[in-house]
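Structural features, examined
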Amino acid sequence: MLTKDQITDILKEAGVLLEGHFLLTSGKHSNKYLQCAKIFRNTKYSETLCGELAEQFADAGIELVIGPALGAVQMAYEVSRQLKVENFFAERVNGKMELRRGFVIPQGAKVLVVEDVVTTGGSVREVIDLVREAGGVVAGVGSIVDRTGGEIDFGVPYRSVISFKVDAWEAEDCPLCKELGTAPIKPGSRGN
Ligand SMILES: [Zn+2]
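Described in the following lines is the structure provided in the data block. (Residues numbered from 1 in each chain as written. Predicted model: local features only at pLDDT ≥ 70, side-chain atom pairs only at ≥ 80, totals over all residues.)

Below, the discussion takes up the overall build of the protein chain. Secondary structure assignment for the protein chain yields 5 helices and 9 strands. Counting from the amino terminus, the protein chain carries its helices and strands in the arrangement α-β-β-α-β-α-β-β-β-α-β-β-β-α. Taking 192 residues into account, the globule formula puts the C-alpha radius of gyration at 16 Å, and the protein chain, at 18 Å, falls close to it. Taking the principal axes of its C-alpha atoms as reference, the protein chain extends roughly 60 × 35 × 30 Å. (Helix = DSSP H or I, 4+ residues; strand = E, 2+ residues; numbered from the N terminus. Rg over C-alpha atoms; globule rule 2.2 N^0.38 Å.)

The relative placement of two packed helices is expressed as an angle between their axes plus a distance between the axes. Where helix α2 (residues 43-56) meets helix α3 (residues 73-83), the axes come as close as 9 Å, and the angle between the chain directions of the two elements is 65°. Note on packing geometry: the crossing formed by α2 with α3 is right-handed. Packed against α2, whose contacting residues are Ser 46, Glu 47, Cys 50, Gly 51, Leu 53 and Ala 54, the element α3 presents Gln 74, Met 75, Glu 78, Val 79, Gln 82 and Leu 83 at the interface. (Axes fitted to C-alpha atoms, helices over the stretch in contact; angles between N-to-C directions. Left-handed = near helix turned anticlockwise from the far one by under 90°. Contact = placed C-beta atoms within 7 Å.)

What follows is about the sheet that holds strand β2 (residues 29-34). Strand order in the open sheet formed by 3 strands is β1-β2-β9, and the pairing between neighbours is antiparallel. Where the open sheet ends on each side, the last strands, each with one partner, are β1 (17-23) and β9 (168-169). Pairing between β2 and β9: 2 bridges, direction antiparallel. Residue pairing across strands places His 29 opposite Trp 169, the latter belonging to β9. (Pairing = 2+ DSSP bridges.)

The next point concerns the sheet that holds strand β8 (residues 158-163). Read across the open sheet, the 6 strands follow the order β5-β4-β3-β6-β7-β8; overall the sheet is mixed. Single-partner strands in this sheet number two, and they are β5 (96-98) and β8. Sheet twist, expressed as the mean angle between neighbouring strand axes with direction ignored, is 25°. As judged from the 8 bridges shared by strand β6 (residues 110-118) and strand β7 (residues 137-146), these two strands associate in the parallel manner. Across the sheet, Val 111 pairs through a bridge with Val 138, a residue of β7.

Moving on, we get to the pairing of β1. Strand direction decides the pairing type here: β1 and β2, joined by 5 bridges, are antiparallel. What sits directly across from Phe 22, in β2, is Ser 30. Between β1 and β2, which pair antiparallel and follow one another directly, the connecting turn spans 5 residues, one of which, Gly 27, has a positive phi of 95°.

Attention now moves to helix α4 (residues 122-133). Here α4 contains 12 residues, and its C-alpha end-to-end distance of 17 Å stays within 8% of the 16 Å for a straight helix at 1.5 Å per residue. Of all the positions in α4, only Ser 123, Val 124, Val 127, Ile 128, Leu 130 and Val 131 are classed as buried. For α4, the angular spread of the buried residues around the axis is 165°, confining them to a single face. Across α4 from its buried face, at more than 90 degrees, point the exposed residues Gly 122, Asp 129 and Glu 133. Packed against the buried residues of α4 are β3 (64-68), β4 (86-93), β5, β6 and β7. Following α4 by one or two positions, Gly 135 has its phi on the positive side, about 95°. (Expected span 1.5 Å × (residues − 1). Buried ≥ 20, exposed ≤ 12 C-beta atoms within 10 Å, placed from the backbone. Arc of directions from axis to C-beta.)

Here we come to unusual backbone geometry. For the peptide bond that leads from Ala 69 to Leu 70, omega is -10°, which places it in the cis range. Unlike most non-glycine residues, Asn 94 shows phi in positive territory, near 50°. One non-glycine residue, Arg 101, lies in the positive phi region at around 60°. When you line up the elements, Arg 101 lands in the loop between β5 and β6.

Geometric values such as these leave the question of function open.
Structure follows, in structure tokens:
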């Protein structure tokens, strides 16, 4: 297992975790920004980080890994590859999470639900419901990043590779505006 510092270094090297002064889509300012899709552009990052998660579920008897599209398609693939089981993805059709493409959950199969970053957990809960409706057993939830800082409860074992809260402030309360005196950067707008 890697330490929290080692994982943070990997996330920074991969360009996933940006530190600075950012303008979020909510209009708030923050000192951190996450772009989790960047983990999967290079297999050395996805193999290492998904391996950290697979290790935590190695003895859970997982038979199937499912993640919500698009964010967790590659993650489900890599975690399942390391657990040597199958993987599916769930996708939203007319606003509702569904299994398509002939994906069928065997009755009673022990399923691991994965998501790259858990913020509110909304998509994860939808996939949990979908798995149960289909007759599967949700044996756990796994994410690369837990942005709730360990405050979320899915009612099943939940493990993340790293857990932290991202601070965000209204513009008028932003300490970075006061300290730095610079305008926040909108992530993605400068090719990052
Ligand atoms: Zn600011």
